[in-house]
Amino acid sequence: MSTVFNFSAGPAVLPREVLVEAAADMLDWHGSGMSVMEMSHRGPEFMSIMAAAQKDLRELMAVPDNYQILFLQGGGLAENAIVPMNLLGRKAQPAVIDFIHTGSWTGKSIKEAGKYAQVNVAASSKATGFDRVPARADWALSADPAYVHICSNETIDGVEIGVPPDIAADTNDAPLVADVSSHILSRVIDVSKHGVLFAGAQKNIGPAGLTIVIVRDDLLGHALPICPSAFDWKIVAENGSMYNTPPTYGIYIAGLVFQWLKRQGGVAAMEQRNITKATLLYEYIDNSKLYFNRVAGVDRSRMNVPFFLRDETRNDAFLAGAKQRHLLQLKGHKSVGGMRASIYNAMPIEGVQALISWMQEFESAHR
Ligand SMILES: *Cc1c(COP(=O)(O)O)cnc(C)c1O
């Protein structure tokens, strides 16, 4: 079987071990005679899958006891509406939401939140092409926002907020909401610094269709009356993420990924590997004459590495040669162009090394 290295930003590469296990379970999960896809979500078999996935994620992320882990649907984009519908009820209307605009994904969040509240863009790096995280000292936060929204890894622009910012003192203790879709489980994240974290699964966890929400208990029960019941976190929490049918197969695969992560040594061990992979690639790019990355050093994403060829007329040749070498889905997002290598947890270091070899070969041929 040929080995490919898949650099897609999402849906993205999954650990091979997990896919092999899922294939073996496909027709008959653990002697049940059923595929996981065919099981009642309320039957004992799926209930055990759900409980293990919840427990393993809580352990991997060291989620404190006063936080709920919810398994929802709708993806990261739906959360851009679900978050305000759940949190705005804590404030008199019209309330204000603060945003740190660091790239395309926060751009979408700002637009959507504007349907429900006043939006204050407290800081933005738009003017410099989203090449950095605006310095914390320059954030013009509101005195009493309903919450402060960040995207801690901008998947398209390749900008990462590694350490959650402290905002409490400036904002009357507003909750920090983080879209962690594309770096959840790639590094140690201090959950307790957040009110809410949310992530679509298809970047670093599993198949599209599952959304994970981690929410502090005191933020439940404040949904606006217009919030659909299936997206009201309090109702979802009270029903163990089974108010409506959860995305059962996605939860099952996510559960296998959580077990795989534990076998790898957990999130801290994964973070060390991710540092090694990202450093290798960025150092190569910075030392090359043909390629460049324009994000400020400390703000560079370890998961999504956008890079450009100085001679853009060679983009197609670069991609065609990459494909011949089984290096797939390297084309950059249409809004920024160039290339993007997404090197999530499931990308082995051999994939990064193979990419660098091809980049070197291409560079020597075009010197
Ligand atoms: C992919 C992504 C989303 C959107 O996810 P959907 O599942 O398509 O709604 C939102 N935020 C970030 C940071 C992402 O990477």
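Residues numbered from 1 in each chain as written. Predicted model: local features only at pLDDT ≥ 70, side-chain atom pairs only at ≥ 80, totals over all residues. Heavy atoms only, no water.

J.: Quick question: what am I supposed to make of the domain arrangement of the chain here?
T.: Reports of interface size often rely on the accessible area that becomes lost once the parts have come together. Its domain assignment divides the chain into domain 1 (17-263) and domain 2 (266-365). Distance between the C-alpha centres of domain 1 and domain 2: 27 Å. At the interface, 23 residues of domain 1 touch 24 residues of domain 2. Of the roughly 2,000 Å² buried between domain 1 and domain 2 on both sides combined, carbon and sulfur atoms contribute 52%. For the interface between domain 1 and domain 2, the tally reads 13 residue pairs in polar contact (both at pLDDT 80 or more). (Domains from an automatic or database assignment. Contact = heavy atoms within 4.5 Å. Buried area = accessible area lost by both parts, 1.4 Å probe. Polar contact = N/O pair within 3.5 Å; in protein donor to acceptor, adjacent residues only side chain to side chain.)

J.: Hey, could you run me through the site of the ligand in this one?
T.: The environment of the ligand is formed by Gly75, Gly76, Leu77, Trp105, Cys151, Asn153, Thr155, Asp179, Ser181, Ser182, Gln202 and Lys203. For the ligand, an oxygen atom lies 2.8 Å from a polar atom in the backbone of Leu77. Contact distances for the ligand include 2.4 Å between an oxygen atom and a side-chain N or O atom of Thr155. If the ligand stood free it would expose 380 Å²; the protein chains cover 85% of that surface. For the shell around the ligand, the element with the most residues is helix H3 (residues 75-87), which contributes three residues. Its residues assigned to classes, the shell around the ligand shows three nonpolar, seven polar and two charged. (Near = heavy atom within 4 Å. Areas by Shrake-Rupley, 256 points an atom, 1.4 Å probe, with all protein chains shown as cover. Helix = DSSP H or I, 4+ residues; strand = E, 2+ residues; numbered from the N terminus. Nonpolar A, V, L, I, M, F, W, Y, C, P; charged D, E, K, R; others polar.)

J.: I'm lost on the sheet that holds strand E14 (residues 339-342) in this one. Help?
T.: Neighbouring strands of a sheet are bound in pairs by backbone hydrogen bonds; such pairs are parallel or else antiparallel. Reading across from one edge, E11-E12-E14 is the order of the three strands in this open sheet, with antiparallel pairing throughout. Looking along the sheet, the strands with just one partner apiece sit at the ends: strand E11 (291-292) and E14. Taken strand by strand, helix H7 (residues 266-287) contacts E11, strand E12 (304-309) and E14, and its axis lies near 20° from that of E12. (Pairing = 2+ DSSP bridges. Axes fitted to C-alpha atoms, helices over the stretch in contact; angles between N-to-C directions.)

J.: What is the right way to read unusual backbone geometry from this model?
T.: Comment: phi is negative for the bulk of residues other than glycine, and the bulk of peptide bonds are trans. Of note, the bond from Gly10 into Pro11 is cis; its omega dihedral lies within 30 degrees of zero at -10°. When you line up the elements, Pro11 lands in the loop between strand E1 (5-6) and helix H1 (16-25). Along the chain, Gln93 connects to Pro94 via a cis peptide bond; the corresponding omega equals -5°. Structurally, the position occupied by Pro94 is in the loop between H3 and strand E3 (96-101). Of note, the phi angle at Ala62 is positive, near 50°, even though the residue is not glycine. Of note, Ala62 is situated in the loop between helix H2 (44-61) and strand E2 (67-72).

J.: Explain helix H6 (residues 248-263) to me, please; I cannot follow it from the model alone.
T.: Because each turn of an α-helix spans 3.6 residues, side chains separated by three or four positions end up pointing in the same direction. An ideal rise of 1.5 Å per residue puts 22 Å on 16 residues; H6 measures up with 23 Å between its terminal C-alpha atoms. For H6, the tally of buried residues reaches 13 of 16 residues, placing the bulk of the element in the interior. Gly265 sits one or two residues past H6 and shows a positive phi near 105°. (Expected span 1.5 Å × (residues − 1). Buried < 20%, exposed > 50% of the residue type's maximum accessible area, 1.4 Å probe, protein only.)

J.: Any chance you could explain the pairing of E2 here in plain terms?
T.: Taken residue by residue, a regular strand's side chains alternate between the two faces of the sheet. For E2, the tally of buried residues reaches five of six residues, placing the bulk of the element in the interior. Pairing of E2 with strand E10 (residues 211-216), which is carried by six bridges, proceeds in the antiparallel orientation. Residue pairing for E10: Leu70 is matched across the bridge by Val213.

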